[in-house]
Protein chains: 2
Amino acid sequence: MTQNLNGTSIIGFSRGSANEGTQQGVNPASGEALEPIYATPLSAEFDKALELAKCAFPVYSALSGSKRAEFLNSIADKLDASVDLFAERGPLETGLPEARMRGETARTSGQLRMFANLITEGSWVTARIEHGMPDRQPIPKPDLRSMLRPLGPVAVFCASNFPLAFSVAGGDTAAALAAGCPVVVKAHRSHPGMAELVGNCILEAAVETGMPEGVFSLLYGGQDIGRALVEHPVIQAVGFTGSRAGGTALMRAAAARPQPIPVYAEMSSINPVVMLPGALADGGESLAEGFFGSLTLGVGQFCTNPGLLFLPEDGADAFLAKLSELVGAAAGASMLNAGTCQAYGERLEALGAISGVEALAAAPKTNGKGAPAVFTVSLKRFLEEPGLQEECFGPATLIVRAPVGELAAAFESLEGQLTGTVFGTPEELAAQADLVANLQAKVGRLIFNGFPTGVEVCHSMVHGGPYPATSDGRSTSVGTLAIERFCRHVAWQGFPEEGLPEALKEGNPLGIWRMVDGSQSQ
Amino acid sequence: MTQNLNGTSIIGFSRGSANEGTQQGVNPASGEALEPIYATPLSAEFDKALELAKCAFPVYSALSGSKRAEFLNSIADKLDASVDLFAERGPLETGLPEARMRGETARTSGQLRMFANLITEGSWVTARIEHGMPDRQPIPKPDLRSMLRPLGPVAVFCASNFPLAFSVAGGDTAAALAAGCPVVVKAHRSHPGMAELVGNCILEAAVETGMPEGVFSLLYGGQDIGRALVEHPVIQAVGFTGSRAGGTALMRAAAARPQPIPVYAEMSSINPVVMLPGALADGGESLAEGFFGSLTLGVGQFCTNPGLLFLPEDGADAFLAKLSELVGAAAGASMLNAGTCQAYGERLEALGAISGVEALAAAPKTNGKGAPAVFTVSLKRFLEEPGLQEECFGPATLIVRAPVGELAAAFESLEGQLTGTVFGTPEELAAQADLVANLQAKVGRLIFNGFPTGVEVCHSMVHGGPYPATSDGRSTSVGTLAIERFCRHVAWQGFPEEGLPEALKEGNPLGIWRMVDGSQSQ
């Protein structure tokens, strides 16, 4: 299969001009630069993408859920049909294996189809109807109806670590398009070719399913383009997955606009794991194998990577011995790009240099590769050094040795996290209910006897969490609840039947679940 | 009935010390200072209120909905029992009539009971359950369940214009307490006595229904106390109703925290009203009477006051003549406080001085009173002068003369609004569907053939809107949907039955509506 890449942005239904290129993929395993060089859009092209998005919004947001679902399903079909292209280009740009590209393609198309089903069914709009009471005393009650409506054009920033599932056609794009918002995507510099391949799928789907031009654009460029996007008055919300520095920069830019807008930035999380004595007694070795698998999956380059482990001071010998053995024998692997690999090495050095931090085991240093690393530290030192909570993006973890009775203080000191995990027996879980409640207060997802990596795409997933795990802990970036981040409630008062949106009409023509005069009905 | 006021803050279950007072109510009608003088809490008292809120959170948020409902219902009962106190003190501090105090008391207690019913029933948590599939290929699907959980202690700022419904026990307090969040209220300088009377009701209700100390505190003080509250690490969200300058200052303070938090500031809105020719043909005079009533209700001191009116160039003579007559004959009335009255006068002067703005009619200037005022301007000048969209807090409105065919440009130029109103025939509404859609994009609530003042407290109310109407257009400050502003979704993965919250247990012990494996069920 041949990849036909032209190296330009997608501006509505056209391609940007091939002016002097600025971005180029690099094979992280070989250091080889990958053709083509990607051109930053001209200023007029940038403006045109935003103007098209603005014009597309009223048209696109007025389409029925079923019609928007056709678009999403068409994207999904085209992604599946392009899987061989992704399997070829993705590993070159990211160092991730071909199997991962195939798995991520299925996840990404599945995510689009999930949102397509959601908006075809239609109940997601949380329609509420309250009939008027013209004779109520002392004043009449008006007829009032409300539902979720889309915010407007959304800027989506691609993530380095998920060239498909959190990039051009990833979760934020799928949720925004499902909600009725046009999307302007900024490609990630690490995988521009993947961005173009995916962008082509969306462009073709938009044309074939009759969507308005401007429902989607894809821009290449550096931080200046990203910032200009967030500051542009047409943009009404931002989706981002990346570093804390990058996310907080976007938060500041969005807050400083004449009209501030919501930013959904998924940033840094070290995903604390607690092993209670019962879990270790049941099988320390197999637990170590599972933990090692979670730690090293995708070379540790997941936002749910377990970067912090609370281990009792007694009874953990088998676990530690096995983990040490596995880490010691592990080879390094290519990381996503040279910058990530360098940052990982620097963070390992910095961690190792902190007083009281000891390496449990470290794999042989493989030049330019990310090898797993495990450090240990006392609870006392952990509580003294807030810097130990800083995310180390890669296959590294910090083990804090602490009696269960002293974990409350540790949990209270924790920053917000995407996940928190407890391993133990059901009896221990019950006995430690207060501790689990403390952990709940800091996380978006609590896990019992499972590992945090692996984020199920479904109705009940919460992939979010208090700051700094995300910029907005009220939301999730995975699962159907993500559609709400790009919406707001709007009420219609006193409108005649023909002036109401379909979802709010008296006869419920869409057949959706609604709250009518306080009761659920369909 | 005697008012026994002691002039100190409420710190958990204790009163603050009576140190040197700084704030005192003033009768806006007479200028007379009202006893007592209110003391700003000592630094240690401020810290104690926050520490108590922190400690109360895990206890209070773990209570059942029914138990929290007892607390809310008890507050409501005590408010109703205190209505004569409010009717006596309220008019002294605000210039609002006794009848308004009685009406607002009923609204405020009704609002608390509405939230009590909501959390007793329990479905508001949007519980979602997805059963695991251990045999799924290629990887098992975990058991995942999610629901809304409270954010943590909330800071609530009282509004000048609603001493009950948007103050100490107002909408934000009711929603936060219902959600499971302790509340620390900052009293408004304009009605400190009303704040104490209401605070006493909450304090007594908290003690009598066995709530943890710290579930509620009430602080007096100036902007420094307000800022310290928003910056305090214990506070996890902010509710505010007031000016744009005040709201944006809190937004900046909240965004600059080491951990940024959500701010729900309801700020400024001019609530555009559009009258289509058919409405004017049907009865220009009665429309003028209705408009005048909405404009002058509460001396125009409502966030939903109609401050902008688009009127066709033809066919509006009867409307204008009647409105002019009513405005010309109107006497001024006391405004909430001297500052509000002065700002109103200054804004009227500034408006009148803008080129192209003409006074349609102005009531005789009554010294120190707020008299209604109506200005007119051409569409061309309106589009040229963004300053004409600035809120004028009081009974003033600006009429823009514009052909219906040119309203699209005017709507596009509008800032975000709480409400947008269309008067016309059903046929005109249908013919102007695109125009109505444009208006919808700018507002939280669309009204047909009704006036924007009067905000129904119910399930389908949206009292919110895009910036600068509010700081966060995704939310509402009135109605049951307001509970969601103080919550976030949390997921439980792989938990045994006994480790799950009641709302997520397999057998649905609470009997609530839930989404189970994608379908609604009860």
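A. Highlighting the overall build of chain A. Per the secondary structure count, chain A includes 15 helices and 21 strands. Computed over its C-alpha atoms, the radius of gyration of chain A comes to 25 Å, within 12% of the 24 Å expected for a compact globule of 522 residues. Based on the C-alpha atoms only, the size of chain A along its principal axes is roughly 70 × 65 × 40 Å. Expressed as a percentage of the 522 residues in chain A, the buried residues total 63%. Contacts in chain A between residues at least 24 apart in sequence constitute 75% of all its contacts with a sequence separation of at least 6.

B. Just a negative patch on the surface, in detail. All names here are of chain A. Taken together, the side chains of Glu 313, Asp 314, Asp 317 and Glu 406 make up a negatively charged region of the molecular surface. Its place among the elements puts Asp 314 in the loop between strand E13 (308-311) and helix H10 (317-329). A relative accessible area of 65% places Asp 314 in the exposed class.

C. How the structure looks around the environment of Thr 108 of chain A. All names here are of chain A. For Thr 108, the location among the structural elements is in helix H4 (residues 98-121). Judged by relative accessible area, which is 0%, Thr 108 ranks as buried. In sequence terms Thr 108 and Glu 484 are 376 residues apart; their C-alpha atoms lie 19 Å from each other. In this view, Thr 108 contacts Leu 79, Leu 164, Ala 165, Ala 169 and Gly 170; residues no more than four positions away in its chain are not counted.

D. Region of interest: the interface of chain A and chain B. With 61 residues of chain A at the interface, the matching set in chain B holds 62 residues. Together chain A and chain B conceal approximately 5,400 Å² of surface at their shared face, both sides included; 58% is due to carbon and sulfur atoms. One can count six salt bridges joining chain A with chain B. At the surface where chain A touches chain B, the tally comes to 36 residue pairs in polar contact (both at pLDDT 80 or more). Elements supplying a minimum of two residues to the side of chain A that touches chain B: strand E5 (127-130), strand E6 (144-150), helix H14 (426-431), helix H15 (433-440), strand E18 (443-448) and strand E19 (487-493) of chain A.

E. Expanded view of the pairing of strand E16 (residues 396-401) of chain B. All names here are of chain B. Burial within E16 is extensive, with six of its six residues counted as buried. Burial along E16 is two-sided: Ala 396, Leu 398 and Val 400 facing one way and Thr 397, Ile 399 and Arg 401 facing the other are all buried. Sheet topology places strand E13 (residues 308-311) next to E16; four bridges connect them, and they run parallel. Among the inter-strand pairings, Leu 309 is bridged to a residue of E16, identified as Ile 399. Examined bridge by bridge, strand E15 (residues 373-378) and E16 share six bridges and lie parallel to one another. Its bridge partner lying in E16, Val 374 is registered against Thr 397. Remark: the E15/helix H12 (residues 379-384)/E16 crossover connection has right-handed handedness.

F. Structural context of the pattern of salt bridges. This model, assessed by the stated rule, comprises 52 salt bridges over all chains. The partner of Arg 145 of chain A in a salt bridge is Asp 143 of chain A, with the nearest N and O atoms 2.7 Å apart. Given the relative accessible area of 4%, Arg 145 of chain A is considered buried. On the basis of relative accessibility, which here comes to 18%, the residue Asp 143 of chain A falls in the buried class. Close ionic contact of Glu 502 of chain B with Lys 505 of chain B constitutes a salt bridge, the shortest N to O distance being 3.8 Å. We classify Glu 502 of chain B as partly exposed; its relative accessible area is 41%. Taken together, the salt bridges that share partners define one network made up of Lys 380, Arg 381, Glu 384 and Glu 385 of chain A.

G. Just the relation of the copies chain A and chain B, in detail. Superposing chain A onto chain B takes a rotation of 180° combined with a translation of 0.0 Å along the rotation axis, leaving an RMSD of 0.0 Å. Here the symmetry operator amounts to a two-fold rotation axis. Residues of chain A ranked by C-alpha distance from the rotation axis are headed by Ala 255 of chain A, positioned 3.8 Å from it. Both copies share a contact surface, since 100% of the interface residues of chain A are interface residues in chain B too.

H. The side chain of Asn 200 of chain A, seen in detail. All names here are of chain A. One can find Asn 200 in helix H6 (residues 192-208). Asn 200 sits in the buried class, given a relative accessible area of 17%. Excluding residues that lie within four positions of it along the chain, Asn 200 makes contacts with Ile 10 and Arg 15.

I. Spatial organisation of the state of the cysteines. By the definition in use, this model includes zero disulfides over all chains. Cysteine Cys 181 of chain A remains unbridged, with the sulfur of Cys 487 of chain A as its closest cysteine sulfur at 6.1 Å. For Cys 181 of chain A, a relative accessible area of 0% translates into the label buried. Sulfur of Cys 158 of chain B: no disulfide; nearest cysteine sulfur belongs to Cys 201 of chain B and is 13 Å away.

J. Quick look at the packing of aromatic side chains. All told, the structure shown has 25 aromatic pairs over all chains when counted by the stated rule. Seen from their ring centres, Phe 310 of chain B and Phe 382 of chain B are 5.8 Å apart, and the 90° between their planes marks the pair as edge-to-face. Of the two residues, Phe 310 of chain B sits in strand E13 while Phe 382 of chain B sits in helix H12, which places them 72 residues apart along the sequence. Classification of Phe 310 of chain B as buried rests on a relative accessible area of 0%. Phe 382 of chain B sits in the buried class, given a relative accessible area of 2%. In this structure, Arg 68 of chain A is placed above the aromatic ring of Tyr 60 of chain A, and the distance from its NZ or CZ to the ring centre is 5.8 Å. Over the ring of Phe 162 of chain B we find Arg 100 of chain B; its NZ or CZ atom is 4.7 Å from the centre of that ring.

K. Just the pairing of strand E7 (residues 154-157) of chain A, in detail. Residue and element names in this part refer to chain A. Residues Val 154 and Val 156 line one face of E7 and the alternating positions Ala 155 and Phe 157 line the opposite face, and both faces are buried. The sheet contact formed by E7 and strand E8 (residues 183-186) spans four bridges and is parallel. Bridge pairing in E8 links Phe 157 to Lys 186. For the segment spanning E7, helix H5 (residues 171-179) and E8, crossover handedness is right-handed. Sheet topology note: the E7/strand E10 (residues 237-241) ladder contains three bridges and is parallel. Bridge pairing in E10 places Val 156 opposite Gly 239.

L. Spotlight on helix H3 (residues 83-94) of chain A. All names here are of chain A. Over its 12 residues, H3 runs 16 Å from end to end, which matches the ideal 16 Å to within 8%, given 1.5 Å per residue. Taken together, the buried residues of H3 touch strand E3 (21-26), strand E4 (33-39), helix H2 (65-81), H4 and H6. Positive backbone phi, approximately 75°, marks Gly 95, located one or two places after H3.

The rules behind these values
Per-chain numbering applies: the sequence of each chain, read as written, is numbered from 1 onward. Written order decides the labels, with chains lettered from A and ligands numbered from 1. In keeping with the predicted nature of the model, local features appear solely for residues at pLDDT of at least 70, side-chain atom pairs appear and are counted solely at 80 or more, and the whole-chain, interface and lining totals rest on all residues. As a rule here, side-chain values come from all non-hydrogen atoms in the structure, and water together with hydrogens is ignored. Strands are runs of DSSP state E lasting at least two residues, helices are runs of H or I lasting at least four, and both sets are numbered from the N terminus onward. When we talk radius of gyration, it's over C-alpha atoms, and the globule rule is simply 2.2 Å times the number of residues to the 0.38. Partly exposed residues are those whose accessible area sits between 20% and 50% of the maximum for their type, while under 20% is buried and over 50% is exposed, using a 1.4 Å probe and protein chains only. Any two residues having at least one pair of non-hydrogen atoms within 4.5 Å are treated as being in contact. What goes into a patch is any residue over 30% in relative accessible area without a salt bridge, connected to like charges within 9 Å or, for nonpolar side chains (Val, Leu, Ile, Met, Phe, Trp, Tyr), within 5 Å. Computed with the Shrake-Rupley method and a 1.4 Å probe, the accessible areas treat only the protein chains shown as cover for residues. For salt bridges, the criterion is a side-chain nitrogen of Lys or Arg within 4 Å of an Asp or Glu carboxyl oxygen. When charges are counted, Lys and Arg are positive and Asp and Glu negative, with His and the chain ends excluded. Lys charges are placed at NZ, Arg charges at CZ, Asp charges at CG and Glu charges at CD. Summed over both partners, buried area is the accessible surface (1.4 Å probe) that two parts give up on being assembled. Polar contacts here mean pairs of N or O atoms no more than 3.5 Å apart (in protein, one a potential hydrogen donor and the other a potential acceptor; neighbouring residues in sequence count only if both atoms are side-chain atoms). Any two strands with at least two DSSP-identified bridges between them are counted as paired. With strands facing away from the observer, any crossover in which the path from the first strand over the helix to the second runs clockwise is taken as right-handed. Alignment of copies: least-squares fit on C-alpha atoms of residues with pLDDT of at least 70 in both copies. Count a disulfide wherever a pair of cysteine sulfur atoms falls within 2.5 Å. Only the six-membered ring of Trp is used, alongside the rings of Phe and Tyr, when aromatic pairs are assigned; centres must lie within 6.5 Å, and planes under 30 degrees apart are stacked while those over 60 apart are edge-to-face, with the rest tilted. Two conditions define a charge sitting above a ring: the NZ of Lys or the CZ of Arg must be within 6 Å of the ring centre, and it must be within 35 degrees of the ring normal. Between the first and last residue of a helix there are one fewer steps than residues, each counted as 1.5 Å, and that sum is the expected span.

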